[in-house]
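Topology and contacts: notes
This is what each chain is made of:
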Amino acid sequence: MTGEFDGSADDFLAPEEIPADRDLDASLRPSSLGDFIGQPKVREQLELVLHAARARGSTPDHILLSGPPGLGKTSLAMIIASEMGAAIRITSGPALERAGDLAAMLSNLVEGDVLFIDEIHRIARPAEEMLYLAMEDFRVDVVVGKGPGATSIPLEVAPFTLVGATTRSGALTGPLRDRFGFTAHMEFYEPAELVRVLVRSAKILGIDLDAAAATEVAGRSRGTPRITNRLLRRVRDYAEVRGDGRVDVETAQAALAVYDVDELGLDRLDRAVLGALVRGFGGGPVGVSTLAVAVGEEPATVEEVCEPFLVRAGMIARTPRGRVATGAAWNHLGLAAPPDAIDQVHGVRAREETLFD
Ligand SMILES: Nc1ncnc2c1ncn2[C@@H]1O[C@H](COP(=O)(O)OP(=O)(O)OP(=O)(O)O)[C@@H](O)[C@H]1O
Ligand SMILES: [Mg+2]
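What you are looking at is a predicted structure, and each value in this text was computed from that prediction instead of being measured.

On to the UniProt feature "binding site: DNA" (unreviewed entry) in the protein chain. Residues annotated in UniProt with the feature "binding site: DNA" (unreviewed entry) correspond here to Arg318 and Arg323. Turning to its location among the elements, Arg318 is positioned in strand β8 (residues 316–319). Judged by the 17 C-beta atoms lying within 10 Å of it, Arg318 falls in the partly exposed class. Tracing the backbone shows Arg323 in strand β9 (residues 322–325). Leave out the neighbours within four places in its chain, and Arg323 touches Leu277, Gly284, Pro285, Val286, Val288, Leu291, Ile316 and Arg318.

Moving on to the environment of Glu156. Inspection of the secondary structure assignment puts Glu156 in strand β5 (residues 151–156). Note: C-alpha distance between Glu156 and Phe138 (18 residues apart in sequence) is 6.3 Å.

This part is about the packing of helix α7 (residues 191–205) against helix α8 (residues 211–219). Where α7 meets α8, the axes come as close as 8 Å, and the angle between the chain directions of the two elements is 120°. One way to sum up the angle between α7 and α8 is to call them oblique. With respect to the hand of their crossing, α7 and α8 are arranged in right-handed fashion. Within the contact between the two elements, α7 uses Pro191, Leu194, Val195, Leu198 and Val199 and α8 uses Ala214, Thr215, Val217, Ala218 and Gly219. Here the residues of the contact of α7 with α8 are counted per class, giving eight nonpolar, two polar and no charged.

Bringing the packing of helix α11 (residues 268–280) against helix α12 (residues 288–295) into the picture now. At a closest axis distance of 9 Å, the pairing of α11 and α12 adopts a crossing angle of 110°. In terms of orientation, α11 and α12 fall into the roughly perpendicular class. The hand of the α11/α12 crossing is right-handed. Facing α11, whose interface residues are Leu269, Ala272, Val273, Ala276, Leu277 and Gly280, α12 presents Leu291, Ala294 and Val295.

Let's shift gears to the pairing of β8. In this structure, β8 lies alongside β9, joined through four bridges in antiparallel fashion. Bridging from a neighbouring strand, Ile316 pairs with Ala325 of β9. Where β8 folds back on β9, the antiparallel hairpin that results is connected by two residues.

In this section: the sheet that holds strand β7 (residues 182–185). The parallel open sheet is built from five strands, whose spatial order is β2-β3-β6-β1-β7. Of all strands in the sheet, those with a lone pairing partner are β2 (88–92) and β7, marking the two edges. Averaged over all neighbouring strand pairs, the angle between strand axes comes to 20°, with direction disregarded. Pairing analysis gives five bridges linking β2 to strand β3 (residues 114–118), with the strands arranged parallel. Paired with Ser92 across the bridge in β3 is Asp118.

Looking now at the UniProt feature "binding site: ATP" (unreviewed entry) in the protein chain. Per the UniProt record, "binding site: ATP" (unreviewed entry) is annotated on Leu28, Arg29, Gly70, Lys73, Thr74, Ser75, Glu136, Asp137, Phe138, Arg179, Tyr189 and Arg226. Taking the farthest pair of C-alpha atoms as the criterion, the annotated set spanning 199 residues is dispersed, since that pair is 37.1 Å apart. Along the chain, Lys73 falls in helix α3 (residues 73–83). Among the residues examined, Lys73 registers 24 C-beta atoms within 10 Å and is labelled buried. For Lys73, the residues in contact, after removing those within four places along its chain, are Leu65, Gly67, Ala165 and Met186. Take Phe138: it is sitting in the loop between α5 (125–137) and β4 (139–144). Here Phe138 falls in the partly exposed class, since 16 other C-beta atoms lie within 10 Å of it. In this structure, Phe138 is in contact with Glu156, Val157 and Pro159, ignoring residues within four places of it in sequence.

Conventions used here
Residues numbered from 1 in each chain as written. Chains lettered and ligands numbered in written order. Predicted model: local features only at pLDDT ≥ 70, side-chain atom pairs only at ≥ 80, totals over all residues. UniProt positions renumbered as here; feature names shortened; annotations may be inferred. Helix = DSSP H or I, 4+ residues; strand = E, 2+ residues; numbered from the N terminus. Buried ≥ 20, exposed ≤ 12 C-beta atoms within 10 Å, placed from the backbone. Contact = placed C-beta atoms within 7 Å. Axes fitted to C-alpha atoms, helices over the stretch in contact; angles between N-to-C directions. Parallel < 35°, antiparallel > 145°, perpendicular 65-115°, else oblique. Left-handed = near helix turned anticlockwise from the far one by under 90°. Nonpolar A, V, L, I, M, F, W, Y, C, P; charged D, E, K, R; others polar. Pairing = 2+ DSSP bridges.

Okay, structure coming up:
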């Protein structure tokens, strides 16, 4: 099931891009750092890195963007290029199966270009090794021929900036991670920031959305701007078909009820994971792969998509012995928490960070 989000109602809370997002995403993508809402820390750090590079007249250090899907990594990569007045070449880890694929991309780079590698944790080993040299010395060794007669020809690469994006920085090898001059850790967005995303998107799309409705939609967006924009579109549909097109809080609530988005923004799979943890395993601890089997999903989907948000929402705690449901999780499912259930965990943020390190 992983990755096959087809845009049906069941999938529309998935933070991954679905085909229906593509046109919308393009029109709603922020195009400059000033236009980019939220992530104050990352924005400040990037501003410094880019400003310093511009002042020196050099290419910025290689940059790794790390965080859950839909938080704006691709948008930031494009912004980095446009802030530097540079062209961006886009590829992804899975597309770089052979070192030759990467060599072709590298040799076509022009000085100052940004090379964006999405899902960089999925790059194949030979390409990764070629990347080390390219990142460090702006050169690659192309091997010509086979066996004892093989020779390696060094090839210059124009100075470029690699921007890598990953939902799993923990899956990167040490040597690759070490070659990035700067890692930006993207955080889930605060509701107030998502309200600003909604106000901006509603303006671009010409949707009449009042403040209370914006707050309602933001609160159900799982801290993820991609989901915010998707919910906005569903709410607009509802308002156009069932009302006069204006979106007030009643309209927003009614629309989101139709699409089965609960008041915390949990979707079917999140609720299934919580249900399995609480009802099937008495609240845990249980390993993530066991949980995944229980809900019929890939472990990676549970670990990278559901879990970060459930941890952030204070529903699940990660412990050395496995995942544990908090009292809040029991209550959210309408059940009384057992006396030994841990509280809505303090230090949720600290735990969440370790997920992506
Ligand atoms: N800071 C932001 N301000 C306004 N809109 C944003 C912001 N970040 C993301 N968005 C919106 O969310 C959409 C998804 O963002 P983007 O494609 O950059 O996410 P991503 O992190 O690359 O996701 P993935 O990991 O799935 O590739 C964008 O098209 C844009 O509409
Ligand atoms: Mg992306």
